[in-house]
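Here's the letter readout for the chains.
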Amino acid sequence: MSPQITITSLKNFIKYSYLDFLDNYLYSIIMIVLYIFTVIVCALVSLALVGFITVQIVAIFTADAPFVPIPKDLEDEIVENLGLNSESVFYDLGCGDGRILIKAVEKYPGIKCVGVEIAYLPYSLAKFYTRKYKNIEIRRQNVFKTDLTSATHIFAYLYPKAMTELWPIVKEQCKPGTILMSCDFEVENVQPNKIIQTKITNSKRGQRLSVYEV
Ligand SMILES: C[S@@+](CC[C@H](N)C(=O)[O-])C[C@H]1O[C@@H](n2cnc3c(N)ncnc32)[C@H](O)[C@@H]1O
């Protein structure tokens with residue numbers, strides 16, 4: 001074996017070993033980065049989920065109602081029974097993700113809608129979903145602190161205690177003839193002008209709409 005051949009083989013050996021090493025090294029780095037990225041994403045998603053569930057549980061006991069959206073099948077029935085017209089100013093007090101407001105505007109494009117929501121998550125969802133409707137205003141506010149004077153129609157899906165506290169405020173601020181519709185829960189010790197049994201059969205929520213007129 002000539003010395004020339006041996007040196008060439010040695011050079012080749014070093015070259016290819018080096019490339020192999022580089023290949024493996026790069027591969028390991030990419031895998032580690034991917035692994036860290038996956039762990040961070042999973043941790044953030046879990047954190048958001050735990051945060052959301054905790055807030056919901058706390059809201060069940062402390063708030064005027066947790067974020068439990070109205071069943072989709074009930075949206076049309078609510079809007080139809082509110083008796084809106086093109087001049088209406090419609091408020092959803094505790095508007096959640098804004099789904100009733102969107103239904104109302106789709107049916108009556110000229111009306112003015114106001115959604116009032118205290119919790120950040122539903123408020124952000126409502127802002128996002130209603131972004132293309134110029135006549136829907138979303139306020140991040142407590143329903144008891146909001147100005148209701150322009151309302152002609154109000155919808156609320158809140159606990160009975162909140163509905164009972166809301167009614168005197170509605171009566172004080174709103175014009176005679178203003179409609180307050182409550183889903184499932186009544187204003188205590190006040191006879192509604194109308195009770196509508198809804199067509200919902202697949203859920204315990206949204207069974208009844210009570211209508212009060214100022
Ligand atoms: C049962 S959900 C109804 C959501 C929406 N109206 C719907 O029908 O799909 C009640 C909503 O009211 C909000 N809420 C509860 N108390 C409130 C308050 N004092 N002021 C504003 N929003 C409130 C909750 O955060 C929740 O999103």
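What counts, and where the lines are drawn
- Residues numbered from 1 in each chain as written.
- Predicted model: local features only at pLDDT ≥ 70, side-chain atom pairs only at ≥ 80, totals over all residues.
- Helix = DSSP H or I, 4+ residues; strand = E, 2+ residues; numbered from the N terminus.
- Rg over C-alpha atoms; globule rule 2.2 N^0.38 Å.
- Buried ≥ 20, exposed ≤ 12 C-beta atoms within 10 Å, placed from the backbone.
- Arc of directions from axis to C-beta.
- Domains from an automatic or database assignment.
- Near = placed C-beta within 6 Å.
- Nonpolar A, V, L, I, M, F, W, Y, C, P; charged D, E, K, R; others polar.
- Pairing = 2+ DSSP bridges.
- Axes fitted to C-alpha atoms, helices over the stretch in contact; angles between N-to-C directions.
- Parallel < 35°, antiparallel > 145°, perpendicular 65-115°, else oblique.
- Left-handed = near helix turned anticlockwise from the far one by under 90°.
- Contact = placed C-beta atoms within 7 Å.
- Expected span 1.5 Å × (residues − 1).
- Bend = angle between axes of the 7 residues up to and from the residue.

1. Observations regarding the overall build of the protein
Working step 1: Assigned secondary structure in the protein consists of 5 helices and 7 strands.
Working step 2: Moving toward the C terminus, one meets the helices and strands of the protein in the order α-α-β-α-β-α-β-β-α-β-β-β.
Working step 3: Expected size for 214 residues packed as a compact globule is a radius of gyration near 17 Å; at 30 Å, the protein overshoots this value by more than 25%.
Working step 4: On the principal axes, the C-alpha backbone points of the protein span a range of 110 × 35 × 35 Å.
Working step 5: Expressed as a percentage of its 214 residues, the buried residues of the protein come to 30%.

2. Comments concerning helix H2 (residues 75-82)
Residue pairs spaced three or four apart in an α-helix point in one direction, given the helix's 3.6 residues per turn.
Working step 1: Ile78, Val79 and Leu82 are the residues of H2 that are buried. One side of H2 carries all its buried residues, which in axial view fall inside an arc of 95 degrees.
Working step 2: In the segment just after H2, Gly83 is the residue with positive phi, at about 75 degrees.

3. Observations concerning the domain arrangement of the protein
Working step 1: On domain assignment, one finds that the protein holds domain 1 (1-62) and domain 2 (72-213).
Working step 2: If you average the C-alpha positions of domain 1 and of domain 2, the two centres end up 51 Å apart.

4. Overview of the site of the ligand
Working step 1: Looking at the ligand, there are 23 residues lining it, with Asp64, Ile70, Gly94, Gly96 and Ile118 nearest.
Working step 2: Elements with a minimum of two residues in the shell around the ligand: helix H3 (99-107) and strand S2 (112-117).
Working step 3: Class assignment of the residues belonging to the shell around the ligand gives a composition of 16 nonpolar, 3 polar and 4 charged.

5. A word on the sheet that holds strand S3 (residues 136-140)
Working step 1: Strand order in the open sheet formed by 7 strands is S3-S2-S1-S4-S5-S7-S6, and the pairing between neighbours is mixed. If you trace the sheet from one side to the other, it starts and ends with S3 and strand S6 (194-197), each paired once. Sheet twist, expressed as the average angle between the axes of neighbouring strands with direction ignored, equals 20 degrees.
Working step 2: With 5 bridges joining them, strand S5 (residues 179-183) and strand S7 (residues 208-213) adopt antiparallel strand pairing. Along S7, the bridge assignment pairs Ile179 with Glu213.

6. Looking at the pairing of strand S4 (residues 153-156)
Working step 1: Here S4 shows two buried faces, one formed by His153 and Phe155 and the other by Ile154 and Ala156.
Working step 2: The pairing of S4 with S5 spans 4 bridges and is parallel. Paired with Ala156 across the strands is Ser182, a residue of S5.

7. Examining the packing of H2 against H3
Working step 1: Between H2 and H3, the shortest axis-to-axis distance is 9 Å and the interhelical angle comes to 60 degrees. Considering the angle they form, H2 stands oblique to H3. Both H2 and H3 take part in a crossing whose hand is right-handed. Residues Glu75, Asp76, Ile78 and Val79 of H2 form the contact with H3, whose own contacting residues are Arg99, Ile100, Lys103, Ala104 and Lys107.
Working step 2: Of the residues assigned to the contact of H2 with H3, the class counts are 4 nonpolar, no polar and 5 charged.

8. Description of the pairing of S7
Working step 1: Sheet topology places S6 next to S7; 4 bridges connect them, and they run antiparallel. Looking across to S7, one finds that Ile195 is bridged to Ser210.

9. Side note on helix H5 (residues 160-173)
Working step 1: Here H5 is 14 residues long and its end C-alpha atoms lie 20 Å apart, about the 20 Å a rise of 1.5 Å per residue gives.
Working step 2: Residue Leu166 marks the point of greatest curvature in H5, where the axis turns by about 25 degrees; the proline Pro168 follows within four residues.
Working step 3: Residues of H5 that are buried include every one of Ala162, Met163, Leu166, Trp167 and Val170, and no others.
Working step 4: Looking at the buried side of H5, the elements it contacts are strand S1 (89-93), S4, S5 and S7.

10. What to know about the environment of Glu87
Working step 1: With respect to the secondary-structure elements, Glu87 resides in the loop between H2 and S1.
Working step 2: Glu87 sits in the exposed class, given 10 other C-beta atoms within 10 Å.
Working step 3: In sequence terms Glu87 and Tyr108 are 21 residues apart; their C-alpha atoms lie 9.2 Å from each other.

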